Number of protein chains: 2
Amino acid sequence: MEFTIDSEMLKNLLNIMGRVIPGNPAVPILSGILLEADRNHLILTGGDLNISIVKKIDLHATESGEITEAGRLVVPMKYFHELIKKMPNKTMITIKKLNQKIKVINGEIEMTLSGMNQEEYPAIPEMPDNGGGKVKGSLLIDMIKETQFAASKSDSRPVLTGLNWVFSENQLTMTATNSQRMAMRKTSLTTLVSGSYIFPIKAMTELIQVIDKHQFIQINPSDNLVVFQSEDLMFFTKLISGNYPDIEKIIPEEMVTEVVVNRSKLLQGIERANLLASQWKHNNVLFSFTEEGKIQLSSSTSEVGQITEKLVPLELKGDTQLQISFDGRFFAEALKSMKDELVSLRFGGSLRPILILPYNKKSTIHLISPVRAS
Amino acid sequence: MEFTIDSEMLKNLLNIMGRVIPGNPAVPILSGILLEADRNHLILTGGDLNISIVKKIDLHATESGEITEAGRLVVPMKYFHELIKKMPNKTMITIKKLNQKIKVINGEIEMTLSGMNQEEYPAIPEMPDNGGGKVKGSLLIDMIKETQFAASKSDSRPVLTGLNWVFSENQLTMTATNSQRMAMRKTSLTTLVSGSYIFPIKAMTELIQVIDKHQFIQINPSDNLVVFQSEDLMFFTKLISGNYPDIEKIIPEEMVTEVVVNRSKLLQGIERANLLASQWKHNNVLFSFTEEGKIQLSSSTSEVGQITEKLVPLELKGDTQLQISFDGRFFAEALKSMKDELVSLRFGGSLRPILILPYNKKSTIHLISPVRAS
């Protein structure tokens, strides 16, 4: 194997691969990166037992290097990545396999790294296209960002630590919940797949870092594995097994109060209230209305102090006697995940969940359960 | 006490004070910030048992607020700072003392924080001007940055954990060393003080964060305390007691080899070599010359690999048979602390310290002891 590649392109490729190659894996060969060169392509493979990435670059077409000799070798990622990172930009790097070693040459810089045993490197599974559908990278990134934060951080119910993707006729729904709050996002999708899959949050957070927002991403889920595939990338992740609860039926329909409010002003108010709510297990913030129809947020910590602030809503309908305590962190995280200038808050009563929706949109729903006042 | 102040100015002031007010001090009152208002000034005091800051702002002159009523109160810094940070910018904040509480009002936002017992707050010592001299803030910052990194991180010789300031006739010399490397910086100074003082590194790193580089800083050292004073700031720190070694006499005079080299190219080469030198206790990097008169840097880690690179010096004089191993981290830190484009390296032999100097300047000297090759 021998190829030459632009130093910045190699750095960018290794930054992507470095996200999923573990430093100290249970299976030592997985600390390596598999480098392969065919006639025109450089192919990089890396990952752990749950997530792996295959990146395939047509060096010839991108004019960022060339392949002199085909071949393959696994090299220790940590050292290879650190050394390439420190190479000067705007230079060409030559990489040669010599016996079981790799030689890296960049002008007057020469380094040799011992290779690893590539026979031990696990094969990447074949995943035929099952018609899961294609989603634009930017939409996939938005949908994941708007939902993944609401998943459970506790392992007591493993299915809730993941992001649930439900494929149904012409629709994809993503849902995350930790039982006290929920985030849900829908989009239309042409798909031949029908079913519910749970993807680990870690895989989702890596996926949105490595996919190209301008490309379409094809989704191929199978029973225990999914591959997200674009022109030059394959991203595999194992699924979480188990049945995801049917959340949609718990979304309340009846409302007693509805307000429309500026999202960032409400978020700032809740974040201030949170500072004095952190002594409480559920970070209690009290939401109520003043006689003049303003929203009032308040919180207090005994021996430290209290904060109260008022905010004028853009619209207010229904019962203004309502008082409801909620977990201010959950409320702030939901508002932060949104981009809309205005949000609607819908209340079913002081013991019922709050619904938060982008104003005049139905594709995203956040739900926060109330907490007892003290 | 009652005053009004621009929200961004108050945030900036609290960011400075927050650097030295401890979160969980042995003496509880020190977790507070002392707020004082006199006729025109807002005075903030905070610190721990070693470092303290007094910041005095003429609110009337800066037109960033006004004092309505004089008074003083100590409030818990953590909550006060976090809450003020979250206040909207470009607004005015009113702060009022009510009984032993503080009330903060900003438009429709109202908060109340319990005060602390200000009788317990320690008095700030009087420090008359003893003629230590005045140094421009920017020069003080440069001198500290160019030397402090070389101090010892180990407590085995406490004096070496500090930065030594020697005041002599018309000169100030700062020195830091950990016995294996040394950094020294001199400047001319009109001073009435003559003596050697050791300041804790933590105080030095905070000092360079809080002083204004455009202002002159007056230095008043005494036997166990020093104050750095500018128009609106007093920064106090305790000294480290003990005798600092007389380093200047160990700086070698005789040289067998001297090279002039581009600083950032040499730094990058050493940083690459460091990546494969980290298995060694002393991070050994080998420095030698090729037959064509190039500098050669190399390092290796068994079972991982090796790196060798060559660099063309701008000047080379003396013995080119020289080979010397040094601690690559120490060498890199010295080069990083410098700003000059070119540096001179002076070698007295493979068992003698390397001198690193800015090209054609004598105010800064770095010294690195060699390490045994293996």
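Residues numbered from 1 in each chain as written. Chains lettered and ligands numbered in written order. Predicted model: local features only at pLDDT ≥ 70, side-chain atom pairs only at ≥ 80, totals over all residues. Heavy atoms only, no water.

Considerations on the side chain of S230 of chain B
All names here are of chain B.
At step 1: Residue position: S230 is located in strand β16 (residues 225-230).
At step 2: Look at S230 and you get buried, because its relative accessible area is 10%.
At step 3: Within the structure, S230 has its side chain in polar contact with the side chain of Q215 (distance 3.0 Å).
At step 4: With sequence-adjacent residues up to four places away left out, S230 is seen in contact with Q215, F216 and I217. (Helix = DSSP H or I, 4+ residues; strand = E, 2+ residues; numbered from the N terminus. Buried < 20%, exposed > 50% of the residue type's maximum accessible area, 1.4 Å probe, protein only. Polar contact = N/O pair within 3.5 Å; in protein donor to acceptor, adjacent residues only side chain to side chain. Contact = heavy atoms within 4.5 Å.)

Side note on the domain arrangement of chain A
Often, the extent of an interface is quoted as the loss of accessible area on bringing the components together.
Residues and elements named next belong to chain A.
At step 1: According to the domain assignment, chain A contains domain 1 (2-120), domain 2 (134-248) and domain 3 (251-368).
At step 2: Taken together, the contact between domain 1 and domain 2 spans 12 residues of the former and 12 residues of the latter.
At step 3: Taken as a group, R19, I51 and V54 account for 45% of the area that domain 1 buries against domain 2, more than any other trio of residues on that side.
At step 4: Where domain 1 meets domain 2, there are two salt bridges. (Domains from an automatic or database assignment. Buried area = accessible area lost by both parts, 1.4 Å probe. Salt bridge = Lys/Arg side-chain N within 4 Å of Asp/Glu carboxyl O.)

Examining unusual backbone geometry
Residue and element names in this part refer to chain A.
At step 1: Backbone geometry places S179, a non-glycine residue, at a positive phi of 85°.
At step 2: Along the chain, S179 turns up in the loop between β12 (171-177) and β13 (181-188).
At step 3: The exposure class assigned to S179 is partly exposed, which follows from its relative accessible area of 48%.
At step 4: The backbone of N360 sits at a positive phi, close to 65°, despite the residue not being glycine.
At step 5: The topology assignment puts N360 in the loop between β25 (354-358) and β26 (364-368).
At step 6: The class of N360 is exposed, set by a relative accessible area of 70%.

Considering the relation of the copies chain B and chain A
At step 1: Rotating chain B by 180° about the axis while translating it 0.0 Å along that axis superimposes it on chain A, leaving an RMSD of 0.0 Å. Such a combination of rotation and displacement between the chain copies is what one expects of a two-fold axis.
At step 2: In this assembly, 100% of the residues forming the interface of chain B have copies in chain A that are likewise at the interface, indicating an isologous arrangement. (Least-squares fit on C-alpha atoms with pLDDT ≥ 70 in both.)

What to know about the interface of chain B and chain A
At step 1: Listed per partner, the contact involves 26 residues of chain B and 26 residues of chain A.
At step 2: For the pairing of chain B and chain A, the buried interface totals around 2,600 Å² over both sides, and the portion due to carbon and sulfur atoms is 58%.
At step 3: Sorting the residues of chain B by area buried against chain A places K86, E108 and L275 of chain B first, and these three jointly supply 24% of that buried surface.
At step 4: Run the count over chain B and chain A and you get four salt bridges.
At step 5: Residue K294 of chain A is joined to E108 of chain B by a salt bridge in which the shortest nitrogen-to-oxygen separation is 2.3 Å.
At step 6: Linking chain B with chain A are 14 residue pairs in polar contact (both at pLDDT 80 or more), by the criterion used here.
At step 7: In terms of residue class, the side of chain B that touches chain A is made up of 11 nonpolar, five polar and 10 charged.
At step 8: Across five bridges, the pairing between strand β9 (residues 109-114) of chain A and strand β21 (residues 305-311) of chain B is antiparallel. In the strand pairing of β21 of chain B, T112 of chain A is matched with Q306 of chain B. (Nonpolar A, V, L, I, M, F, W, Y, C, P; charged D, E, K, R; others polar. Pairing = 2+ DSSP bridges.)

A few points about the packing of aromatic side chains
At step 1: Applying the stated criterion across every chain yields a total of 22 aromatic pairs over all chains.
At step 2: Lying across the ring of F330 of chain A, R329 of chain A places its NZ or CZ 5.9 Å from the centre.
At step 3: In this arrangement the basic side chain of K78 of chain B is found over the ring face of Y79 of chain B, its NZ or CZ atom lying 4.8 Å from the centre. (Phe/Tyr/Trp six-rings, centres within 6.5 Å; stacked < 30°, edge-to-face > 60°. Lys NZ or Arg CZ within 6 Å of the ring centre and 35° of its normal.)

Notes on the packing of helix α1 (residues 7-18) of chain A against helix α3 (residues 77-85) of chain A
Residues and elements named next belong to chain A.
At step 1: Closest axis-to-axis distance for the α1/α3 pair is 10 Å, and the angle between their directions is 145°. Viewed along their axes, α1 and α3 form a crossing whose handedness is left-handed. Across from L10, K11, L14, N15, M17 and G18 in α1, the residues of α3 making contact are M77, F80, H81, I84 and K85.
At step 2: Class assignment for the residues of the contact of α1 with α3 results in six nonpolar, three polar and two charged. (Axes fitted to C-alpha atoms, helices over the stretch in contact; angles between N-to-C directions. Left-handed = near helix turned anticlockwise from the far one by under 90°.)

A short note on the pattern of salt bridges
At step 1: With the rule as written, the count across this model stands at 34 salt bridges over all chains.
At step 2: A salt bridge links R272 of chain A to E309 of chain A, with the shortest nitrogen-to-oxygen separation between them at 2.8 Å. Linking R272 of chain A in helix α6 (residues 263-275) with E309 of chain A in strand β21 (residues 305-311), this pair joins segments that are 37 residues apart in sequence. Like R272 of chain A, the residue E309 of chain A is buried in the burial classification.
At step 3: For E271 of chain B, the salt bridge identified is with K336 of chain B, shortest N-O distance 3.4 Å.

Quick notes on the nonpolar core
At step 1: Counting residues in hydrophobic clusters, the biggest one holds 101 residues, and the most contacted among them are I33, F80, L140, W165, F228, L345 and I356 of chain A.
At step 2: Ranked by size, the runner-up nonpolar core spans 100 residues in total, among them L276 of chain A together with I211, I219 and F289 of chain B. (Core = buried A, V, L, I, M, F, W, Y, C linked by side-chain atoms within 4.5 Å.)

Concerning the pairing of strand β3 (residues 41-47) of chain B
Residue and element names in this part refer to chain B.
At step 1: Most of β3 sits inside the fold, with six of its seven residues counted as buried.
At step 2: Where strand β2 (residues 32-37) meets β3, four bridges bridge the pair, whose relative direction is antiparallel. Bridge assignment links E36 to a residue of β3, and that residue is I43.
At step 3: Hairpin remark: β2 followed by β3, antiparallel, with three residues in the connecting loop.
At step 4: Bridge analysis of β3 against strand β4 (residues 51-58) gives seven bridges, and the strand direction is antiparallel. Residue pairing for β4: G47 is matched across the bridge by S52.
At step 5: Linkage of β3 to β4, two consecutive antiparallel strands, is achieved through a turn of three residues.

Structural notes on the sheet that holds β12 of chain A
Pairing between the strands of a sheet is mediated by backbone hydrogen bonds and can be parallel or antiparallel.
Residues and elements named next belong to chain A.
At step 1: Taken in spatial order, the nine strands make up an open sheet running β14-β11-β12-β13-β26-β25-β24-β18-β22, and their pairing is antiparallel. Edge positions in the open sheet fall to β14 (195-200) and β22 (315-318), since each of these has one partner strand only. Going across the sheet, the axis of each strand differs from the next one's by a mean of 20°, ignoring polarity.
At step 2: Strand direction decides the pairing type here: strand β11 (residues 162-168) and β14, joined by six bridges, are antiparallel. Residue pairing for β14: L163 is matched across the bridge by F199.

As for the UniProt feature "domain: DNA polymerase III beta sliding clamp central" (unreviewed entry) in chain A
At step 1: Taking the numbering used here, the UniProt-annotated feature "domain: DNA polymerase III beta sliding clamp central" (unreviewed entry) corresponds to residues 135-246 of chain A.
At step 2: Taken as a whole, residues 135-246 of chain A contains 19% helix and 43% strand, while its terminal C-alpha atoms sit 24 Å from one another. (UniProt positions renumbered as here; feature names shortened; annotations may be inferred.)

Focus: the environment of P25 of chain A
Residue and element names in this part refer to chain A.
At step 1: Its location among the elements puts P25 in the loop between α1 and β2 (32-37).
At step 2: On the basis of relative accessible area, P25 is assigned to the buried category, the value being 16%.
At step 3: Other than its neighbours up to four places away in sequence, P25 contacts L30 and S31.

Brief notes about the side chain of T301 of chain A
At step 1: Here T301 of chain A is to be found in strand β20 (residues 295-301).
At step 2: The contacts of T301 of chain A, once residues within four sequence positions are left out, are L276, A277 and Q279 of chain A.

Digging into helix α7 (residues 328-337) of chain B
Residue and element names in this part refer to chain B.
At step 1: Taking burial as the measure, the 10 residues of α7 include seven buried ones, the bulk of the element.
At step 2: Three or more residues of α7 are buried, namely G328, F330, F331, A332, A334, L335 and S337.
At step 3: Of the residues flanking the start of α7, the one acting as N-cap is D327, its side-chain oxygen 3.0 Å from the backbone nitrogen of R329.

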